[in-house]
Amino acid sequence: MNKITNNEIKRTNRNNVFTAVYHARQTSKQQLAKTLQLSMPTITQNLKELEALNLIRKDGFYESSASGGRKAQIIRCNETARISVGVEVLKKRAYIIAVDLYGTPLKQDTLKLPFQNNELYYCALGNWINSFIASLPYDKDNILGVGIAIQGLISPDRTTILFGELMDCTGLYLEEFARFINWPCIFIHDSEAAGFAEIWLNSALNDSLFLWLNHNFGAALVINGKIHQGIGSLSGTLEHMTLVPNGRECYCGRSGCVEAYCSVDALEESAEEPLETFFPRLRSGDGSRLHVWHQYLHYLAMTLNNTLMLIDCDLIFSGALRPYLIQDDLELLKQYMKELSSFPFYEPRLRMGASDQYAAVVGASLYQIIEFLDNGNVFQ
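Only a predicted model underlies this, so the values are computations on that prediction, with no experimental measurement involved.

Reading the values: the criteria
Residues numbered from 1 in each chain as written. Predicted model: local features only at pLDDT ≥ 70, side-chain atom pairs only at ≥ 80, totals over all residues. Heavy atoms only, no water. Helix = DSSP H or I, 4+ residues; strand = E, 2+ residues; numbered from the N terminus. Buried < 20%, exposed > 50% of the residue type's maximum accessible area, 1.4 Å probe, protein only. Expected span 1.5 Å × (residues − 1). Contact = heavy atoms within 4.5 Å. Polar contact = N/O pair within 3.5 Å; in protein donor to acceptor, adjacent residues only side chain to side chain. Axes fitted to C-alpha atoms, helices over the stretch in contact; angles between N-to-C directions. Parallel < 35°, antiparallel > 145°, perpendicular 65-115°, else oblique. Nonpolar A, V, L, I, M, F, W, Y, C, P; charged D, E, K, R; others polar. Arc of directions from axis to C-beta. Core = buried A, V, L, I, M, F, W, Y, C linked by side-chain atoms within 4.5 Å. Salt bridge = Lys/Arg side-chain N within 4 Å of Asp/Glu carboxyl O.

1. A word on the environment of Gln-229
As for its placement among the helices and strands, Gln-229 is situated in the loop between β12 (226–227) and α7 (259–262). Residue Gln-229 is classed as partly exposed on the basis of its relative accessible area, which comes to 27%. For the pair formed by Gln-229 and Pro-156, sequence separation is 73 residues and the distance between their alpha carbons is 8.4 Å.

2. Digging into helix α4 (residues 119–134)
Its 16 residues give α4 an end-to-end C-alpha distance of 22 Å, which sits within 8% of 22 Å, the value for a rise of 1.5 Å per residue. Burial in α4 covers these residues: Tyr-121, Tyr-122, Leu-125, Gly-126, Trp-128, Ile-129, Asn-130, Phe-132 and Ile-133. Summarising the contacts, the buried residues of α4 are in contact with β3 (83–89), β4 (94–99), β5 (105–111), β6 (143–150) and α5 (174–178). You can read the cap of α4 off the contacts: a side-chain oxygen lies 3.2 Å from the backbone nitrogen of Leu-120, and it is on Asn-118.

3. Looking at the packing of helix α1 (residues 6–24) against helix α12 (residues 359–374)
Running from amino to carboxyl end, α1 crosses α12 at an angle of 135°, the nearest separation of the two axes being 10 Å. With respect to α12, the element α1 is oriented oblique. In contact with Phe-18, Thr-19 and Tyr-22 of α1, α12 contributes Ile-369, Phe-372 and Leu-373. Tallied by class, residues from the contact of α1 with α12 come to five nonpolar, one polar and no charged.

4. Quick notes on helix α9 (residues 275–283)
All of the buried residues in α9 are Leu-275, Phe-278, Phe-279 and Leu-282. Along α9, the residues classed as buried sweep out an arc of 90° about the axis, all on the same side. Looking at the buried positions of α9, the neighbouring elements they touch are α8 (264–271) and α10 (287–308). Positive phi shows up at Gly-285, right after α9, with a value of about 100°.

5. Let's talk about the nonpolar core
Counting 45 residues, the largest nonpolar core has Phe-18, Val-21, Leu-47, Leu-101 and Ile-369 as its most contacted members. The dominant element in this core, judged by the number of residues it contributes, is α12, at nine residues. Setting aside residues no more than four positions away along its own chain, Val-21 makes contact with Thr-27, Leu-32, Leu-47, Ile-56, Ile-75, Arg-76, Cys-77 and Tyr-102. One finds Leu-213, Leu-238, Tyr-296 and Leu-300 within the second-largest nonpolar core, a separate group that totals 41 residues.

6. Comments concerning the pattern of salt bridges
Enumeration over the complete set of coordinates arrives at 17 salt bridges. Two residues, Asp-312 and Arg-349, come together in a salt bridge whose shortest N-O distance is 3.8 Å. One end of the pair, Asp-312, is in the loop between α10 and β13 (314–318); the other, Arg-349, is in the loop between α11 (327–340) and β14 (350–352), and 37 residues separate them in sequence. A relative accessible area of 51% places Asp-312 in the exposed class. Between Arg-349 and Asp-314 there is a salt bridge, with its nearest N and O atoms 2.6 Å apart. Within this pair, whereas Arg-349 is found in the loop between α11 and β14, its partner Asp-314 is found in strand β13, the two being separated by 35 residues in sequence. Overlapping salt bridges bring together Arg-57, Asp-59, Arg-76 and Glu-79 as one network.

Spelled out as structure tokens, the structure:
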């Protein structure tokens, strides 16, 4: 049996103390000793080391002491002690965001540069990312890394795009990007990143299907509060499930995929106008637009019903369509789903997501934070 060394015990204690401070948001020595079942001298020593590393800060005193003695000092996590960066790469532009340890946005930007699978693009993108990070008023040694959300299925080790037909980047290696970026990088499927942002914003999320109703349809399957990728990273890829045999052409090369009927691009193509003008006219009662919308919801209902036959869970809607949805839309969608269902007792559980159309870039920034917190990286 391997013996645990004193250094390993100390490192574990320091990580546990920091994690407890982080999750409590506001705590005291006394509360930490009680929560972690550690002695007060051990807590004091660890807090001293954490403060020296600028990972925690003292923030005044509590109003009163239960024992009537000295007031307990308030201890908080220094939320900007580590910064993480997320990038979302799209066909026509890229988004970037920097967040603190709690996922709070610090700065964001947009680069209107069409994606090209070549070195000139990777160099331009890398220079933009490096300049963005250089502009942050924080110690650059504390940048955790860069998560890159992209429209493609990613290998389990997050280094290769296994399927990227939409961006024409199948087989692209992370190194093509990373060699122009001065910090560690990982690839993340954009739908997964968006789903991850939803989990971050809603810690009570359990078994759910996250619907990314963006210009290109996407989804993420959440099991026990975590994204389920599956053996080959295919879990949640509803966009390429056949909805209408021999139907509309999909960018993947097949016909009748959910993408061709339930994406925002498909909706705008059917409506022959963008969401910005479609919805005001729809809400005013325009008959032709009502027909397009009801048809869209009917296709979406078919998709969701097919999915729920495999896994019965909550359905959460986000993406570019999210700001335009109202409760009446969900009720109509629920009605269509019940009409299509074989089970008279079936009651769909639909709700709006907490995230918005920028969820993917935010989600991409959160992976490095979780790595930092969960894998004992505070004192490696």
